[in-house]
There are 2 protein chains.
Amino acid sequence: VVEPVKVGIAGLGTVGSGTVNVLQRNKQEIASRVGRPIEITHIGARRDNPACNIDGIKVSRDIFAVAEDPDVDILVELIGGTDTARELLLTAIKHGKHIVTANKALIAEHGNEIFTAAHDRGVDVAFEGSVAGGIPILKSLGEGLAANHIQWIAGIINGTGNYILTEMQEHGRDFDEVLKEAQALGYAEADPTFDVEGVDAAHKLTILASIAFGIPLQFSKVYMEGIARLTTEDVKNADSFGYRIKHLGIARDTGEGIELRVHPTLIPKEVLLASVNGVMNAVMIEGDAVGPTLYYGAGAGSDPTASAVVADIIEVGRALTAEHDERVPYLGFHADQMAETPVLDIEDVTTSFYIRMSVQDKAGVLADITRILTEFNISIEAMIQREAEENEPVSIVLMTHKVSERAMNQALAKIAELGTVEKDIMRIRVEQLDA
Amino acid sequence: VVEPVKVGIAGLGTVGSGTVNVLQRNKQEIASRVGRPIEITHIGARRDNPACNIDGIKVSRDIFAVAEDPDVDILVELIGGTDTARELLLTAIKHGKHIVTANKALIAEHGNEIFTAAHDRGVDVAFEGSVAGGIPILKSLGEGLAANHIQWIAGIINGTGNYILTEMQEHGRDFDEVLKEAQALGYAEADPTFDVEGVDAAHKLTILASIAFGIPLQFSKVYMEGIARLTTEDVKNADSFGYRIKHLGIARDTGEGIELRVHPTLIPKEVLLASVNGVMNAVMIEGDAVGPTLYYGAGAGSDPTASAVVADIIEVGRALTAEHDERVPYLGFHADQMAETPVLDIEDVTTSFYIRMSVQDKAGVLADITRILTEFNISIEAMIQREAEENEPVSIVLMTHKVSERAMNQALAKIAELGTVEKDIMRIRVEQLDA
């Protein structure tokens with residue numbers, strides 16, 4: 001029997017319950033990635049949360065009991081706030097626990113102290129969930145782009161603010177009206193200051209800049225400006241100039257020093273960041289070798305943030321498990337635990353199709369085609385028929401609903417036999433790329 | 001004196017020379033990230049390359065001399081092709097070298113064999129540069145999203161193909177014409193089969209799918225379809241339906257098995273992937289916890305691919321250097337090697353500005369404003385003046401060229417004193433987000 005990695009979780013709110021759910025739901029895949037199981041041995045929370053099932057897990061109302069529990073290897077701090085969280089982490093570090101946290105305020109304001117304590121005690125501190133939710137942005141910046149001199153970072157790193165600006169942009173709605181709606185929908189806090197005034201974004205920018213430029217965490221030096229003064233007129237004027245307004249966190253190495261600033265910003269419509277809408281986050285990073293890169297995803301929410309928290313748990317778990325030469329298995333999963341899932345034949349793939357065919361311009365051809373499609377249960381979602389010159393073939397263009405490749409092959413073979421359709425039928429698969 | 005990490009490089013073509021350049025240019029930052037210097041001790045190449053300076057580095061014409069050199073810790077394979085490269089890697093592994101490679105064909109076709117040999121010998125194999133150039137996509141997938149059950153991946157992972165499709169889309173140009181131009185520009189190989197028929201994308205998809213789903217590398221099972229049959233008519237028809245045509249690599253877990261397919265695909269215009277144009281790459285990944293995420297950047301080229309190769313060298317170097325609890329320093333750089341770069345005051349920041357002010361509708365006001373702006377060397381790039389109702393204030397909207405925050409503050413203070421301009425002047429900073 002392999003000893004599991006033992007995880008204690010402090011805080012069972014939105015992110016805490018998501019973390020429990022993700023660890024339970026993907027238990028087996030995660031174990032194959034780590035090399036041994038991850039087990040939640042202790043939860044500290046003032047109250048239970050019906051959003052997750054904690055049957056059989058030890059629960060304390062005192063979170064410090066988790067930080068001191070000898071049956072915990074990794075303390076996962078998800079209580080939020082800075083004072084108690086700081087004390088909790090320092091206690092856990094003193095007891096030799098590795099730390100995973102999603103607390104941006106804590107890291108931005110007290111990170112220097114926490115890292116020093118952790119270094120002295122020889123434990124890890126991982127905090128991917130503190131910036132841009134599920135997007136693995138700290139790993140990308142600190143490891144994936146480690147070859148680069150980072151020139152600048154510009155990020156949409158507050159989903160609430162981006163939701164408000166998107167609504168103002170797309171529907172011409174007023175700031176106050178959208179903010180009230182965002183509060184009703186649960187996107188914005190009852191006290192929206194952190195989101196709307198840029199404090200939340202400034203916390204995240206502080207962390208990004210430190211990893212990018214190798215400078216200490218310096219939250220107090222971030223210039224902050226919120227979005228409350230923006231009007232729909234500004235949004236329209238920006239559009240006239242060819243721009244969108246986004247609330248960005250920007251860090252830039254000018255050669256003289258580092259700019260750290262959070263403020264509404266006009267950016268050209270055609271840059272990818274301008275198309276990042278609603279509550280989604282995205283961070284653009286310019287490195288001297290890699291050039292511009294962009295990372296996009298959900299910046300908040302129970303499961304997305306849990307994705308980052310559990311990735312950190314896996315990271316620490318891998319370090320505790322493997323020899324250093326194979327901390328991360330070559331292909332992510334351990335070689336003796338690869339799945340036997342088959343690769344499907346293309347005929348078993350189901351998609352919608354775009355079909356273009358040239359047909360003779362005479363009566364009944366379209367009826368023949370639709371009859372054959374119907375025979376194979378292929379339904380048409382949209383059609384374009386282009387006028388043709390006299391005696392030239394007519395182009396028929398279809399979009400179908402979803403159908404198996406096999407059925408489409410058989411239908412097109414039969415259509416090709418009609419004699420009224422040219423053999424060279426064009427087909428292109430369609431993907432909606434939605435969840 | 002700290003012992004450096006010793007790197008041997010086999011192959012000094014486009015990526016090899018970029019790797020030398022990046023390691024030399026960012027030597028100090030990289031050493032602060034690794035915890036000790038990285039030194040190129042041996043280069044194996046059939047000929048020198050004027051694109052990089054290798055003065056003082058030992059050079060062999062026989063690449064196998066590098067793989068056997070006791071003065072090499074990490075062998076970096078950048079020769080391309082599969083037969084010699086495979087033999088080189090197996091030789092280096094036998095000699096206990098860690099491996100870094102950007103060779104997608106080699107990993108996709110011989111990875112299973114190479115990983116087994118490396119595992120048995122206890123050495124690392126890193127291959128971030130093999131997929132999507134400088135985008136840290138393998139790290140994001142295998143580590144950043146390790147908490148997730150991956151549902152699907154859809155990627156623009158061949159820059160040449162995307163360049164051709166973008167030109168067809170934006171300028172209505174024919175496939176053959178754009179391909180010839182891409183060859184002349186050096187984007188496409190003289191034999192464009194690998195790019196245009198999808199082989200290159202299939203190699204990359206094989207690697208992505210293996211890391212996503214924990215299945216062995218199975219290049220032979222990828223369904224491949226190229227872009228050569230696409231016409232501008234198809235591009236226009238797709239547009240009429242609300243779609244763009246992209247050449248995608250798609251891997252999906254259906255529950256029955258894994259789909260692996262590379263083919264032209266219609267995707268809705270409004271998804272972010274549809275806005276990825278030219279030679280740029282992007283990969284979209286849907287995980288059960290994180291939801292949709294996207295990673296964008298340069299998929300090829302000397303420096304961008306070197307960014308990934310050097311990140312892998314850093315990764316291995318960190319593992320060779322640090323205790324496991326601090327393989328990656330908490331903030332990416334080692335605590336005793338943080339930079340003292342100052343954070344700039346916002347007054348020292350230089351940007352363009354959007355300015356909106358309400359002015360009294362009378363003669364001379366605009367002249368007063370422009371005179372003051374000129375006094376502070378602030379030049380106007382564009383202006384909108386909206387008609388106003390009678391006796392209502394007029395709205396003047398300006399875009400300026402770049403100016404320091406300090407000068408803008410002084411100018412706006414002086415403008416506010418005119419008495420003809422309302423005090424509440426709106427200003428929003430402008431960023432072009434280009435390199």
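Residues numbered from 1 in each chain as written. Chains lettered and ligands numbered in written order. Predicted model: local features only at pLDDT ≥ 70, side-chain atom pairs only at ≥ 80, totals over all residues. Heavy atoms only, no water.

Novice: Help me get a handle on the overall build of chain A, residues and values and all.
Specialist: Looking only at helices and strands, chain A features 14 helices and 17 strands. Sorting the 435 residues of chain A into buried and exposed places 61% on the buried side. Here chain A contributes 38 positive and 65 negative side-chain charges, whose respective centroids are spaced 2 Å apart. (Helix = DSSP H or I, 4+ residues; strand = E, 2+ residues; numbered from the N terminus. Buried < 20%, exposed > 50% of the residue type's maximum accessible area, 1.4 Å probe, protein only. Lys, Arg positive; Asp, Glu negative; His and termini not counted. Charge placed at Lys NZ, Arg CZ, Asp CG, Glu CD.)

Novice: Lay out helix 8 (residues 175–184) of chain A in plain terms, naming residues and giving numbers.
Specialist: Residues and elements named next belong to chain A. Within helix 8, the full set of buried residues consists of Phe175, Val178, Leu179 and Ala182. On an axial view of helix 8, the arc spanned by its buried residues comes to 105°, and they lie on one face. In this structure, helix 8 carries Asp176, Lys180 and Ala184 as exposed residues pointing more than 90 degrees from its buried face. Of the surrounding secondary structure, the elements contacted by the buried residues of helix 8 are helix 7 (159–171) and helix 9 (193–196). Once helix 8 finishes, glycine 186 follows within two positions and takes phi at roughly 85°, a positive value. (Arc of directions from axis to C-beta. Contact = heavy atoms within 4.5 Å.)

Novice: Any details on the pattern of salt bridges? Residues and values, ideally.
Specialist: Across all of its chains, the model carries 61 salt bridges over all chains by this definition. Glu143(A) is the partner of Lys139(B) in a salt bridge, and the nearest nitrogen-oxygen pair spans 2.7 Å. With one member in each of two chains, Lys139(B) in helix 6 (residues 137–144) and Glu143(A) in helix 6 (residues 137–144) form a pair that bridges those chains. Lys139(B) sits in the buried class, given a relative accessible area of 9%. Where Arg406(A) meets Glu347(A), a salt bridge forms, and the shortest distance between an N and an O atom there is 3.3 Å. Highlighted residues: Arg406(A) in helix 14 (residues 405–416) and Glu347(A) in the loop between helix 12 (302–321) and strand 13 (350–359), separated in sequence by 59 residues. The class of Arg406(A) is partly exposed, set by a relative accessible area of 34%. Several salt bridges share partner residues, and in doing so they unite Lys139(A), Glu143(A), Glu315(A), Lys139(B), Glu143(B) and Glu315(B) into one network. (Salt bridge = Lys/Arg side-chain N within 4 Å of Asp/Glu carboxyl O.)

Novice: Before we move on, can you summarise helix 4 (residues 83–94) of chain B with the specific residues and values?
Specialist: Residues and elements named next belong to chain B. Between the first and last C-alpha of helix 4 there are 17 Å, a value that for 12 residues agrees with the 16 Å anticipated at 1.5 Å per step. Every buried residue of helix 4 is accounted for by Ala85, Leu88, Leu89, Thr91, Ala92 and Ile93. Against strand 1 (5–10), helix 3 (63–67), strand 4 (74–77), strand 5 (98–101) and helix 5 (104–121) lie the buried residues of helix 4. One or two residues past the end of helix 4 sits glycine 96, with phi positive at roughly 80°. (Expected span 1.5 Å × (residues − 1).)

Novice: For the sheet that holds strand 5 (residues 98–101) of chain A, give the residues involved together with the corresponding values.
Specialist: Residues and elements named next belong to chain A. Ordered by their spatial adjacency, six strands build an open sheet running 3-2-1-4-5-6, and the pairing between neighbours is parallel. Looking along the sheet, the strands with just one partner apiece sit at the ends: strand 3 (58–60) and strand 6 (125–126). Taken together, the two bridges between strand 5 and strand 6 define a ladder with parallel strand orientation. When the sheet's bridge partners are listed, isoleucine 99 is paired in strand 6 with valine 125. (Pairing = 2+ DSSP bridges.)

Novice: Give a detailed account of the relation of the copies chain A and chain B, specifying residues and quantitative values.
Specialist: Relative to chain B, chain A is turned by 180° and slid 0.0 Å along the rotation axis, the superposed coordinates differing by an RMSD of 0.0 Å. One copy is carried onto the other by what is essentially a two-fold rotation axis. Within chain A, the C-alpha atom positioned nearest to the axis of rotation is that of Tyr295(A), 2.4 Å from it. When the interface residues of chain A are mapped onto chain B, 100% of them again fall at the interface, so both copies present the same face. (Least-squares fit on C-alpha atoms with pLDDT ≥ 70 in both.)

Novice: Outline the pairing of strand 11 (residues 280–287) of chain B, supporting the account with residue identities and numerical values.
Specialist: Residue and element names in this part refer to chain B. Taking burial as the measure, the eight residues of strand 11 include eight buried ones, the bulk of the element. Because side chains alternate across strand 11, one face comprises the buried residues Met280, Ala282, Met284 and Glu286, and the other comprises Asn281, Val283, Ile285 and Gly287, equally buried. Relative to strand 11, strand 7 (residues 150–156) is paired through six bridges, and the arrangement is antiparallel. Bridge assignment links isoleucine 153 to a residue of strand 11, and that residue is isoleucine 285. In this sheet, strand 12 (residues 291–298) lies alongside strand 11 in antiparallel orientation, the contact comprising eight bridges. Residue pairing in the sheet places methionine 284 in a bridge with leucine 294 of strand 12. The antiparallel hairpin formed by strand 11 and strand 12 contains three residues in its connecting segment.

Novice: Mind laying out the interface of chain A and chain B, listing which residues take part and the relevant values?
Specialist: In this complex, chain A contributes 136 residues to the contact, which on the side of chain B involves 136 residues. Taken as a group, Tyr330(A), Leu331(A) and Leu433(A) account for 7% of the area that chain A buries against chain B, more than any other trio of residues on that side. Between chain A and chain B we count 14 salt bridges in total. The salt bridge partner of Glu225(A) is Arg429(B), with a shortest N-O separation of 3.2 Å. For the side of chain A that touches chain B, the per-class residue count stands at 76 nonpolar, 30 polar and 30 charged. Where strand 17 (residues 426–430) of chain A and strand 10 (residues 258–268) of chain B come together, two bridges link them in parallel fashion. If you follow Val430(A) over to strand 10 of chain B, its bridge partner there is Leu266(B). (Buried area = accessible area lost by both parts, 1.4 Å probe. Nonpolar A, V, L, I, M, F, W, Y, C, P; charged D, E, K, R; others polar.)

Novice: I'd like a description of the sheet that holds strand 4 of chain B, backed by residues and values.
Specialist: Residue and element names in this part refer to chain B. Here six strands make up an open sheet; going across it, the order is 3-2-1-4-5-6 and the pairing parallel. Only two strands of the sheet have a single partner each, and these edge strands are strand 3 (58–60) and strand 6 (125–126). Here six bridges tie strand 1 to strand 2 (residues 38–44), and the two strands are oriented parallel to one another. Bridge pairing in strand 2 places valine 7 opposite isoleucine 40. Against the sheet, helix 4 touches strand 1, strand 4 and strand 5, its axis set at about 175° to strand 4. (Axes fitted to C-alpha atoms, helices over the stretch in contact; angles between N-to-C directions.)

Novice: An account of the nonpolar core is needed here, citing residue identities and associated values.
Specialist: One finds Ile137(A) and Ile137(B) to be the most contacted residues of the largest nonpolar core, which totals 114 residues. Once residues lying within four places of it in the same chain are set aside, the contact partners of Ile137(A) are Glu128(A), Val131(A), Ala132(A), Leu208(A), Val283(A), Ile285(A) and Tyr295(A). With 34 residues, the next largest nonpolar core counts Ile156(A), Ala274(B), Val276(B) and Tyr296(B) among its residues. (Core = buried A, V, L, I, M, F, W, Y, C linked by side-chain atoms within 4.5 Å.)

Novice: Give a detailed account of the environment of Asn237(A), specifying residues and quantitative values.
Specialist: Turning to its location among the elements, Asn237(A) is positioned in helix 11 (residues 232–241). With relative accessibility at 0%, the residue Asn237(A) sits in the buried group. Not counting residues within four places of it along the chain, the set of residues in contact with Asn237(A) comprises Tyr354(B), Arg356(B), Ile384(B), Arg386(B) and Val397(B).

Novice: A description of a nonpolar patch on the surface should follow, citing residues and the corresponding values.
Specialist: Residue and element names in this part refer to chain A. A contiguous nonpolar patch, built from Leu185, Tyr187 and Val279 and spanning about 260 Å² of accessible area, is present on the exposed surface. Note on placement: valine 279 falls in the loop between strand 10 (258–268) and strand 11 (280–287). The exposure class assigned to valine 279 is partly exposed, which follows from its relative accessible area of 33%. (Patch = residues over 30% accessible without salt bridge, like charges linked within 9 Å, V, L, I, M, F, W, Y side chains within 5 Å. Areas by Shrake-Rupley, 256 points an atom, 1.4 Å probe, with all protein chains shown as cover.)

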